[in-house]
Amino acid sequence: MTEHLKSLVRTIPDFPEPGIMFRDVTTLFADPAGMAGSIRGMADHAGAFPKFDCVAGIEARGFILGAALAIELGVGFVPLRKKGKLPGATLHEDYALEYGTDTLEVHQDAINEGDRVLLIDDLIATGGTALAAHRLVTRAGGIVPAAFFVIDLPELGGAAKLRAAGLEVRVLMDFDGA
Ligand code: AMP
């Protein structure tokens, strides 16, 4: 199954900058078995953990996965948004990307104190985004026992950094290179 899911991810070289191999999950999501298989795979991983209180997804592809997974797990969904999009009072965390810099925000009241939050994104590369999301959810009062991704780029070391920060990391597939 994983090999089939992997075959549905399209690779676009030199996007958005020369040297980046962009792993495009739109082709995975557009395929019915690809979309369902991605959510099934993540739900199976979640089943090995004590129940999570909510799923937090990182904008934008983490919303697609996280929302579907939250329904599957019977919990609510919390969006971790890019700067300036959330209408209420927010907390924010800046981070460096593989290409550029960015800011993630969460509503201050989105997470209950002590909630077990499952962090979701499509891909982990350097880990900068997920580590910022972890800091943000922690500052909002949550506990992040685990982070799940469809794709890991192990050579960029992000999953190792998350594990060093105490999170359990689960992925559905990995790709060589950056
Ligand atoms: P990082 O913070 O370096 O772990 O980068 C992860 C974030 O950037 C995720 O939200 C990914 O969607 C996106 N991203 C980074 N590198 C790639 C890549 N090679 N292909 C697709 N998306 C990527």
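Higher on the page you've got the structure.
Since the structure is predicted, the reported quantities are computational estimates derived from the model, not experimental observations.

1. So, the environment of Ala89
- Within the secondary structure, Ala89 is located in the loop between strand S4 (76-82) and strand S5 (90-96).
- Separated by 17 residues in the primary sequence, Ala89 and Val106 place their C-alpha atoms 8.4 Å from one another.
- Sequence-distant contacts of Ala89, defined by excluding residues within four places in its chain, comprise Val106, His107 and Gln108.

2. Side note on the nonpolar core
- Within the largest apolar cluster, 28 residues are counted, with the highest numbers of intra-cluster contacts made by Leu28, Met42, Leu118, Ile120, Phe148, Val150 and Ile151.
- Secondary-structure elements contributing two or more residues to this core are helix H2 (26-30), helix H3 (32-46), helix H4 (61-73), strand S7 (116-124), strand S8 (143-152) and strand S9 (168-174).
- With residues up to four places along the chain from it excluded, the contact list for Phe148 reads Met42, His45, Ala46, Phe49, Leu118, Leu119, Ile120, Asp121 and Arg170.
- Listed in part, the 27 residues of the second largest apolar core include Ala56, Tyr95, Val106 and Val137.

3. Things to note about the pattern of salt bridges
- A full pass over the atoms with the stated rule returns nine salt bridges.
- Across the pair Asp102 and Lys82 runs a salt bridge whose closest N-O atoms are separated by 4.0 Å. Of this pair, Asp102 sits in strand S6 (residues 101-107) while Lys82 sits in strand S4; the two residues are 20 residues apart in sequence, bridging distant segments of the chain.
- Connected via shared salt-bridge partners are Arg40, Asp44 and Glu72.

Each value, and the rule that gives it
- Residues numbered from 1 in each chain as written.
- Predicted model: local features only at pLDDT ≥ 70, side-chain atom pairs only at ≥ 80, totals over all residues.
- Heavy atoms only, no water.
- Helix = DSSP H or I, 4+ residues; strand = E, 2+ residues; numbered from the N terminus.
- Contact = heavy atoms within 4.5 Å.
- Core = buried A, V, L, I, M, F, W, Y, C linked by side-chain atoms within 4.5 Å.
- Buried < 20%, exposed > 50% of the residue type's maximum accessible area, 1.4 Å probe, protein only.
- Salt bridge = Lys/Arg side-chain N within 4 Å of Asp/Glu carboxyl O.

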